[in-house]
Amino acid sequence: MQVAETIKTMDFSLPSSYDSISDVKKSSVDALTQEENLLTGTVVKKVPKPATERMGLSPKMSDEEKKAQKEAMEAQKKADKEAAAAAKAAADVEKKAEREIAAKEKAAAKKAQAEAKAKAEAAKEEAAKEKQYSDVKFVDTGLPSYDDSAKVKGKSGAFSL
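Residues numbered from 1 in each chain as written. Predicted model: local features only at pLDDT ≥ 70, side-chain atom pairs only at ≥ 80, totals over all residues. Heavy atoms only, no water.

Right, let's get into the overall build of the protein. Broken down by element type, the protein carries six helices and two strands. Start at the N end of the protein and walk to the C end: the helices and strands fall as α-α-α-β-β-α-α-α. Every one of the 161 residues in the protein was classed for burial, and the buried ones make up 2%. Contacts in the protein between residues at least 24 apart in sequence constitute 0% of all its contacts with a sequence separation of at least 6. If you sum the accessible surface of the protein, you get close to 15600 Å²; carbon and sulfur atoms cover 58% of it. (Helix = DSSP H or I, 4+ residues; strand = E, 2+ residues; numbered from the N terminus. Buried < 20%, exposed > 50% of the residue type's maximum accessible area, 1.4 Å probe, protein only. Contact = heavy atoms within 4.5 Å. Areas by Shrake-Rupley, 256 points an atom, 1.4 Å probe, with all protein chains shown as cover.)

Let us look at a negative patch on the surface. Taken together, the side chains of E121, E125, E126 and E130 present a region of like negative charge at the surface. The topology assignment puts E121 in helix α5 (residues 63-134). (Patch = residues over 30% accessible without salt bridge, like charges linked within 9 Å, V, L, I, M, F, W, Y side chains within 5 Å. Salt bridge = Lys/Arg side-chain N within 4 Å of Asp/Glu carboxyl O. Lys, Arg positive; Asp, Glu negative; His and termini not counted. Charge placed at Lys NZ, Arg CZ, Asp CG, Glu CD.)

The next thing to look at is a nonpolar patch on the surface. On the surface, Y133, V136 and F138 cluster together into a nonpolar patch covering about 430 Å² of accessible area. Looking at the secondary structure, you find Y133 in helix α5.

On average, residues of the protein score 76 in pLDDT, and 59% of them reach the 70 mark or higher. Considering each helix and strand of the protein separately, the mean pLDDT is smallest for helix α4 (residues 51-54), with a value of 55, and largest for α5, with 93. (pLDDT = per-residue confidence, 0-100.)

Our focus in this paragraph is a positive patch on the surface. A cluster of basic residues, K88, K95, K96 and R99, forms a positive patch at the surface. Counting through the fold element by element, K96 comes out in helix α5.

What follows is the structure in structure tokens.
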């Protein structure tokens, strides 16, 4: 019901003269040839080039000249592709060398870390052994020893030969 009321209140009147809308205005043509960058808000006027100009061909060239120019463009594209492939191959070789160096450095660091860990464990075990015997106390029981009890002339103990 609300939509119907809105439609009734809208103005659907026709223009009094069609002359004002029948002429192509320069501003509307310009609007079609302009391109606006939405990120920066700048408007750039663009005029589309004919297809032959986009390809680098002039419409006034003969068929032989066009064919020669196309072949030259194809040769240039092929050379560019080969140069790009060679550059990529060189970059791949360089990256591979860098990865190998990084892997060697990582392995050396890992080995050094393992050696340091092994040394630390060995030192810890040695300290544990020393601590094991450091708590031992010798108690004198007052019992005679064999060295002191029966001294024989020229001999140091009772059981010595």
